[in-house]
Amino acid sequence: MLKSTYLQRVYTEVTTKDPYEREFHQTVLEFLESLDQIIDQHPEYEKKAIIETFVEPERVISFRVPWVDDQGKLHINRGYRVQFSSAIGPYKGGLRFHPTVNLSILKFLGFEQILKNSLTTLPMGGAKGGSDFDPKGKSEEEVMRFCQSFMTELQRHIGQFVDVPAGDIGVGGREIGYLFGQYRRVRGTYAAGVLTGKGLSFGGSLVRTEATGYGICYLTQEMLAKMKNDSFEGKTVVISGSGNVAIFACQKATQLGAKVVALSDSNGYIHDPNGINLDVVKDIKLGHRGRISEYAGRVPGSTYTEGFRGIWNIPCDIALPCATQNEIDGNIAKTIVKNGVMAVTEGANMPCLPEAMQVFQSAGIPFAPSKAANAGGVATSGLEMSQNSMRYSWSFEEVDRRLKDIMTNIFHNIYNAAEECGKPGDLVLGANIAGFMKVADVMLSQGLI
Ligand code: NDP
Ligand code: 2IT
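Basis of the calculations
- Residues numbered from 1 in each chain as written.
- Chains lettered and ligands numbered in written order.
- Predicted model: local features only at pLDDT ≥ 70, side-chain atom pairs only at ≥ 80, totals over all residues.
- Heavy atoms only, no water.
- Near = heavy atom within 4 Å.
- Polar contact = N/O pair within 3.5 Å; in protein donor to acceptor, adjacent residues only side chain to side chain.
- Areas by Shrake-Rupley, 256 points an atom, 1.4 Å probe, with all protein chains shown as cover.
- Helix = DSSP H or I, 4+ residues; strand = E, 2+ residues; numbered from the N terminus.
- Core = buried A, V, L, I, M, F, W, Y, C linked by side-chain atoms within 4.5 Å.
- Buried < 20%, exposed > 50% of the residue type's maximum accessible area, 1.4 Å probe, protein only.
- Contact = heavy atoms within 4.5 Å.
- Phe/Tyr/Trp six-rings, centres within 6.5 Å; stacked < 30°, edge-to-face > 60°.
- Pairing = 2+ DSSP bridges.
- Axes fitted to C-alpha atoms, helices over the stretch in contact; angles between N-to-C directions.

### Quick word on the site of ligand 1
Line of reasoning, step 1. Near ligand 1 you find 25 residues, and of these K136, D168, S266, R291 and N349 are the closest.
Line of reasoning, step 2. Between an oxygen atom of ligand 1 and a side-chain N or O atom of D168, the distance comes to 2.7 Å.
Line of reasoning, step 3. Taking R291, its side chain carries an N or O atom lying 2.6 Å from an oxygen atom of ligand 1.
Line of reasoning, step 4. Burial of ligand 1 by the protein amounts to 86% of the accessible area it has alone, namely 880 Å².
Line of reasoning, step 5. The set of elements that each furnish at least two residues to the shell around ligand 1 consists of α8 (208-228) and α9 (244-255).

### A look at the nonpolar core
Line of reasoning, step 1. Formed by 61 residues in total, the largest nonpolar core has its most connected members in I239 and I410.
Line of reasoning, step 2. Top element by residues in this core is helix α16 (residues 396-420). It accounts for nine residues.
Line of reasoning, step 3. Those residues in contact with I410 that lie beyond four places of it in its chain are L119, T120, L219, A372 and A375.
Line of reasoning, step 4. Core analysis: the next-biggest nonpolar cluster, separate from the first, contains 39 residues, L32, I50, I433 and F436 among them.

### Details of the side chain of D265
Line of reasoning, step 1. In this fold, D265 is placed in the loop between β7 (259-264) and β8 (268-271).
Line of reasoning, step 2. Looking at D265, its side chain comes within polar contact range of the side chain of K285, at 3.4 Å.
Line of reasoning, step 3. Here R291 takes part through its side chain, which lies 3.3 Å from a polar atom of the side chain of D265.
Line of reasoning, step 4. Not counting chain neighbours up to four residues away, the residues in contact with D265 comprise S242, K285, R291, I292 and F308.

### Examining the packing of aromatic side chains
Aromatic ring pairs are reported here in terms of the distance separating the ring centres and the angle at which the planes meet.
Line of reasoning, step 1. Scanning all chains against the criterion turns up 23 aromatic pairs.
Line of reasoning, step 2. Arranged with centres 5.3 Å apart and planes meeting at 90°, the rings of W67 and F133 form a pair that is edge-to-face. You can see W67 sitting in strand β1 (residues 59-68) and its partner F133 sitting in the loop between β4 (126-131) and α6 (140-154), a full 66 residues away along the chain. Both residues of the pair, W67 and F133, count as buried.

### Observations concerning the sheet that holds strand β3 (residues 91-97)
Line of reasoning, step 1. Pairing within the open sheet is mixed, and its five strands lie in the order β1-β2-β4-β3-β5. Looking at which strands have only one partner, the edges of the open sheet turn out to be β1 and β5 (163-166). Between one strand and the next, the sheet's axes are offset by a mean angle of 20°, whatever the strand orientation.
Line of reasoning, step 2. When β3 meets β4, the two strands line up parallel, connected through three bridges. Considered in β4, the bridge of R96 is made with G130.

Right, here's the structure in full:
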């Protein structure tokens, strides 16, 4: 129950209007619990209906995506774009292709994206989209035909000043290439800034591929320094997932002196006590889209175990969940704490259930929430948009330096916000309040939007 009757009313409306949107309710409740701490100082939010406006997407688009497989059979998938908020800039956020995609998941991701994008300090609104299409086991041509059909509809809703999609689970450089090609063909215009995460030879930015994983480590580094007077040096790290985010978090953590001992995919996990050999992982995952189990057959001393949640039984100093939402429940969190973890950073979007967050926070473990910790991906997308507008490319070092500055600033911004709210060290509260205040001020100054 929320203390504020206004916030409780908003939450009740959200849950009764769309009773099956479990993930969306989860993210809204976490946000409202943070807001509950400061709402008394802001009567203008209720007076101007700011919170009920904030939790309602500006626009939700749902469409049919027909495509033909290699055997000539026609399939129908569902495509979506949730354009949540354009208060501080054009809608911005990734596209997810995964069989579990539904409106609840995309509304949760779009909502988080508003606050995350605000924290980057770059002018980007919040959105998310995708499809229940499963790219696993599909041929190159099937993926291409699906992307083309998806963009044939999506193109009428996006644009460099309107809405700028990028990748997420199941959407990487290959898919962005096909999507961009179709946008260019259908619209007859070369608007590089309509998508981010593009190939380097057609308007992509250096460091975008690495950005989310690197950014997670830059923020964690700052958190360790400030809250534990420590660093990655000599630490044991467990990272879940083995996709774009996990791979480059593994690379940066290793560069910063840590030993990453485990990675996973949706089938199971590998444990390599000698430290993950990332060249082998890249060869498996980026080289031929293989399964992580292959690693154990190639690297002596490593093991593979079925079931992805078992990875959290491996003791570590730093835990970086980088696979998907709601991976860590209260019991797993207790195991992680019992095994002596000193910091937890969410790499994936919302990998920890509320009770897991509670376990980490009440054990006094520094805990960085995803909307702050994984903002490096979208921040570098923002830098890609800047470079597209300038028709110019920055060097790897230049983009990396900007990314590191942004992540360092995000940490201090959320840390200070928590302190100002009288809850020092509560980075969940800090991220929600710091991210929201900026958007709320704009909503108040622009009128009802
Ligand atoms: P990828 O598709 O590259 O990789 C996803 C990884 O997570 C794979 O190892 C996949 O395993 C695993 N995974 C996916 N779904 C599940 C599931 N239901 N259970 C267990 N494992 C699962 O995606 P990304 O690395 O890009 O994204 C990972 C997370 O990071 C997501 O939460 C995403 O929203 C978030 N994120 C991504 C950003 C980006 O720039 N790409 C930016 C910010 C956040 P398998 O191969 O078996 O499916
Ligand atoms: O969740 C995320 O922040 C992303 N998938 C990246 C979005 C983007 O527009 O780069």
